[in-house]
Amino acid sequence: MFDRFGEFDSAAEINKTAVNLRKEGDIESIKVLAEENGIDLDIAEAFIDGDLFYLCDDMAAAIGKIEVESKELKPVEIMEDWVEYLKARCFEDENMAKAIRRKEKSLKGAIGALLTWSFKHQIPIDKDIMKAAGVTAGRCTLGIPGMAKAKQIMTEYYLGK
């Protein structure tokens, strides 16, 4: 995932590395840096050409990290919704974008927090619902948070609130 340059803790760290690589004339490494951090190649090219002073801002660094983590995690269904929510939060809240970019936080960690909540809040499913679903087990439980609760859990995970 972050094979060549490692994981960066902030957009500022990414930009510092990118600026130094540009000073050295190491164009290919800038492209690798951008790719590893989920930053569009067109943006990297504009940075290389000197059209941009920096490679990314906090929002782009956070969304890039989410994109890179998503490629490895391969989220489906509700997890895709959670990922899209996190991306939207990056647009709305610079503090959330900075928190998402932090090394000690990850998409797997956020989904793990949701799973932890889910296991702790399982409720028994009514026998008639089980029958309608064709479930023949003697007991069935479900513990999926609603979107409002999921948003709260993800916010608490990243921001500690």
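The structure displayed is predicted, hence computed values, not measured ones.

Student: Sorry if this is basic, but what is going on with the packing of helix α6 (residues 94-101) against helix α9 (residues 147-159) here?
Tutor: Packed helix pairs are specified by the crossing angle of their axes together with the interaxial distance, meaning the distance between the axes. Interhelical geometry of α6 versus α9 gives an angle of 65° and a closest axis separation of 9 Å. On the basis of the axis angle, α6 is roughly perpendicular to α9. Our pair here, α6 against α9, has a crossing hand that is left-handed. Across the interface between the two elements, Asn95, Met96, Ala99 and Ile100 from α6 touch Met154, Thr155, Tyr158 and Leu159 from α9. A class-by-class count of the residues in the contact of α6 with α9 yields six nonpolar, two polar and no charged.

Student: Before we go on, may I ask you to explain the nonpolar core in this structure?
Tutor: Where a protein is soluble and globular, its nonpolar side chains tend to be buried together. With 22 residues, the main nonpolar core has Leu86, Cys90, Ile100, Met154 and Tyr158 as its most contacted residues. Secondary structure elements with two or more residues in this core: α4 (58-73), α5 (78-92), α6, α7 (107-120) and α9. Non-local contacts of Met154, meaning those with residues more than four positions away in its chain, are made with Trp82, Tyr85, Leu86, Met96 and Leu114.

Student: Where do I start with the pattern of salt bridges in this structure?
Tutor: For side chains of opposite charge, pairing can occur when their charged atoms come near one another. Scanning the model with the defined rule gives twelve salt bridges in all. Here Glu28 and Lys31 are joined by a salt bridge, their closest N and O atoms 3.6 Å apart. With Glu28 and Lys31 both in helix α2 (residues 27-36) and three residues apart, the pair spans about one turn of that helix. Residue classification places Lys31 among the partly exposed residues on the basis of a relative accessible area of 23%. The partner of Glu94 in a salt bridge is Lys98, and the shortest N-O contact between them spans 3.7 Å. Of this pair, Glu94 and Lys98 both sit in helix α6, separated by four residues, roughly a single helical turn. The class for Lys98 is partly exposed, based on a relative accessible area of 39%.

Student: I tried to follow the state of the cysteines on my own but got confused; where do I start?
Tutor: The bond known as a disulfide is covalent and runs between the sulfur atoms of two cysteines. As enumerated under the stated definition, the model contains zero disulfides in all. Between Cys56, a free cysteine, and Cys90, which holds the nearest cysteine sulfur, the sulfur-to-sulfur gap is 12 Å. For Cys90, a relative accessible area of 3% puts it in the buried group.

Student: Mind showing me how you'd approach the side chain of Arg89 here?
Tutor: Mapping Arg89 onto the fold places it in helix α5. Of note is the side chain of Arg89, whose polar atom sits 2.7 Å from the side chain of Thr155.

Student: I'm lost on the packing of aromatic side chains in this one. Help?
Tutor: The geometry of an aromatic ring pair is captured by two quantities: the separation of the ring centres and the angle between the planes. In total, this model carries one aromatic pair according to the counting rule given. When the centroid spacing of 4.8 Å and the interplanar angle of 80° are considered together, the rings of Tyr157 and Tyr158 count as edge-to-face. Side by side, Tyr157 and Tyr158 carry an identical accessibility label, which is buried. The side chain of Arg22 reaches across the aromatic face of Phe47, ending 3.9 Å from its centre.

Student: Help me understand unusual backbone geometry, please; the structure alone is not making it clear to me.
Tutor: The general pattern is negative phi for most residues beyond glycine and trans for most peptide bonds. One non-glycine residue, Lys74, adopts positive backbone phi at about 55°. In this structure, Lys74 sits in the loop between α4 and α5. A relative accessible area of 59% means that Lys74 is categorised as exposed. Even without being a glycine, Glu77 presents a positive backbone phi close to 50°.

Reading guide: rules and limits
- Residues numbered from 1 in each chain as written.
- Predicted model: local features only at pLDDT ≥ 70, side-chain atom pairs only at ≥ 80, totals over all residues.
- Heavy atoms only, no water.
- Axes fitted to C-alpha atoms, helices over the stretch in contact; angles between N-to-C directions.
- Helix = DSSP H or I, 4+ residues; strand = E, 2+ residues; numbered from the N terminus.
- Parallel < 35°, antiparallel > 145°, perpendicular 65-115°, else oblique.
- Left-handed = near helix turned anticlockwise from the far one by under 90°.
- Contact = heavy atoms within 4.5 Å.
- Nonpolar A, V, L, I, M, F, W, Y, C, P; charged D, E, K, R; others polar.
- Core = buried A, V, L, I, M, F, W, Y, C linked by side-chain atoms within 4.5 Å.
- Buried < 20%, exposed > 50% of the residue type's maximum accessible area, 1.4 Å probe, protein only.
- Salt bridge = Lys/Arg side-chain N within 4 Å of Asp/Glu carboxyl O.
- Disulfide = S-S within 2.5 Å.
- Polar contact = N/O pair within 3.5 Å; in protein donor to acceptor, adjacent residues only side chain to side chain.
- Phe/Tyr/Trp six-rings, centres within 6.5 Å; stacked < 30°, edge-to-face > 60°.
- Lys NZ or Arg CZ within 6 Å of the ring centre and 35° of its normal.

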